[in-house]
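# Observations on chain architecture
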Amino acid sequence: MKAIVGTLVVIGTLLGGYLPHGSIGIMIQPLEMVIICGGALGAYIIANPGWVVKAGFSQGLGLAKPHHVNKELFMELLGLMFKIFNKARREGLMSIEADVEDPHASELFNSAPKVAADHHAIDFICDYLRLMISGASNPYQLEDLMILELDAHHHEAMMPSGAVGKVSEALPAFGIVAAVLGIVITMSYLDAGPMEIAHHMSVALVGTFLGILIAYGFIAPISSELANRAEAESAFYSVIKTCLMANLNGYAPQVAVEFGRKAVPSHERPTFTEVDEFLQSQK
């Protein structure tokens, strides 16, 4: 919704400032759009791996929906971690082996449907629980391994945003290319009347306008929002890591979950009371 509202504001304010003194007809130039957007699209495809190209499109279209990383997701995660740690503490680590080996069939994991829907997060949790079950109990080594994995995940998560950002930087240049081509066409009309020449010059200038507008009005904000969502996902994984490490260091389930709660970004962080009431309701 935020992306839709922002787009409407950009378009509305531009039209509101232009239409009282200008004609909308001259601004509608499909061939200019083909030159600018087609050139930018081709450069985007050439410059990036296939999965980044696909991710840029899919994540960009996904901005029309609210991001799944929110306070409710963090609450579910903390509840899930508490249940896992509590079961392992009461019945032993081996009691969660079946849950870890097949999380999709696990009643434990399915009790947190929003978390279970994120297969990357489930894989991350299960991989480290599996290592702990297998006897990897050195907290320093496991933390180093988690940091390496999270750094790699963050780098990959930021790649679509960076690729889209490069497109926004290139679009004004493609607008200039379209304008130059328009001037080249205008040169062939020098023997025409002044109105005809003015029309073709206007079309050429529209190319520059469109390149700048698309870059800074749409593509650059999309890139920034993709980066914001990637940062939110990294914070989500950081909470998982914090909970796992607290549990591995011997803290009680309730305390390990509190460590995780403190790692939640402040604008999404539930209070201690909210988490406590949520955990009580899950019993």
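Keep in mind the model is a prediction, meaning the values are calculated, not measured. Counting of residues starts from 1 at the beginning of each chain's written sequence and follows it residue by residue. Where totals are concerned, whole chains, interfaces and linings use all residues; where local detail is concerned, this predicted model gives features only for residues with pLDDT of at least 70, and gives and counts side-chain atom pairs only at 80 or more. Hydrogen atoms and water are omitted, and side-chain values are computed over all heavy atoms in the structure.

The end-to-end C-alpha distance of helix α10 (residues 194–248), which contains 55 residues, comes to 80 Å, matching closely the 81 Å that a straight helix rising 1.5 Å per residue would cover. Along α10, the helix axis deviates most sharply at Ala215, where the bend reaches about 35 degrees. Secondary structure follows DSSP: runs of H or I at least 4 residues long count as helices, runs of E at least 2 residues long count as strands, and numbering of each begins at the N terminus. Just beyond α10, the residue with positive phi is Gly250, at close to 95 degrees. Multiplying 1.5 Å by the residue count of a helix minus one yields the expected span of that helix. What is called the bend at a residue is the angle between a pair of axes, fitted to the seven residues leading up to and ending at it and to the seven starting from it.

Here a cavity denotes grid points, spaced 1 Å and computed from the protein atoms alone, that fit a 1.4 Å probe unable to get out, and a pocket denotes an open set having protein on both sides within 12 Å along at least 5 of 7 lines; residues with an atom within 4 Å of a point are the lining. Grid points are joined across faces, edges and corners, and a volume is the space filled by probe spheres set on the points. Approximately 630 Å³ is the volume found for the largest pocket. Gln59, His67, His68, His120 and Glu233 are, among the 21 residues lining the largest pocket, the residues nearest its centre. There is about 400 Å³ of room inside the second largest pocket. We call Asp, Glu, Lys and Arg charged. Ala, Val, Leu, Ile, Met, Phe, Trp, Tyr, Cys and Pro are nonpolar, and the rest, Gly among them, are polar. A per-class count over the lining of the second largest pocket returns twelve nonpolar, two polar and no charged.

This part takes up the UniProt feature "domain: MotA/TolQ/ExbB proton channel" (unreviewed entry) in the protein. UniProt positions are given in the numbering used here, feature names are shortened, and annotations may be inferred rather than shown by experiment. The UniProt record annotates "domain: MotA/TolQ/ExbB proton channel" (unreviewed entry) at residues 134–234. Counting secondary structure, residues 134–234 comes out at 89% helix and 0% strand; the distance between its end C-alpha atoms is 26 Å.

Residues Ile84, Ile125, Phe236, Ile240 and Leu244 are the most contacted members of the largest nonpolar core, which totals 44 residues. Mapped onto this core, the elements with two or more residues apiece are α4 (71–91), α6 (107–110), α8 (119–133), α9 (139–187), α10, α11 (253–263) and α12 (272–282). Among the elements that line this core, the one with the most residues is α4, at eleven residues. Residue contacts are counted whenever heavy atoms from the two residues lie within 4.5 Å of one another. The residues touching Ile125, leaving out its near neighbours within four places in the chain, are Leu77, Leu80, Met81, Ile84, Phe109 and Ile240. Here, nonpolar core means buried Ala, Val, Leu, Ile, Met, Phe, Trp, Tyr and Cys residues that are tied together by side-chain atoms lying within 4.5 Å of each other. A 1.4 Å probe rolled over the protein chains alone gives each residue an accessible area, and that area as a share of the maximum for its type sets the label: buried under 20%, exposed over 50%, partly exposed in between.

Once that is clear, we can look at the packing of aromatic side chains. Aromatic pairing here means that ring centres of Phe, Tyr or Trp (its six-membered ring) are within 6.5 Å. Orientation follows from the plane angle: under 30 degrees is stacked, over 60 is edge-to-face, and everything else is tilted. The final tally for this structure, using the stated rule, is six aromatic pairs. Here Phe124 and Tyr237 contribute two aromatic rings whose centre-to-centre distance is 5.7 Å and whose plane-to-plane angle is 85 degrees, an arrangement assigned as edge-to-face. Remark: Tyr237 occurs in helix α10 and Phe124 occurs in helix α8; sequence separation between them is 113 residues. Take Phe124: its relative accessible area is 2%, and that puts it in the buried class. The buried category is assigned to Tyr237, whose relative accessible area is 3%. Taken together, the ring pairs in this structure connect Phe74, Phe124, Tyr128, Phe236 and Tyr237 into an aromatic cluster.

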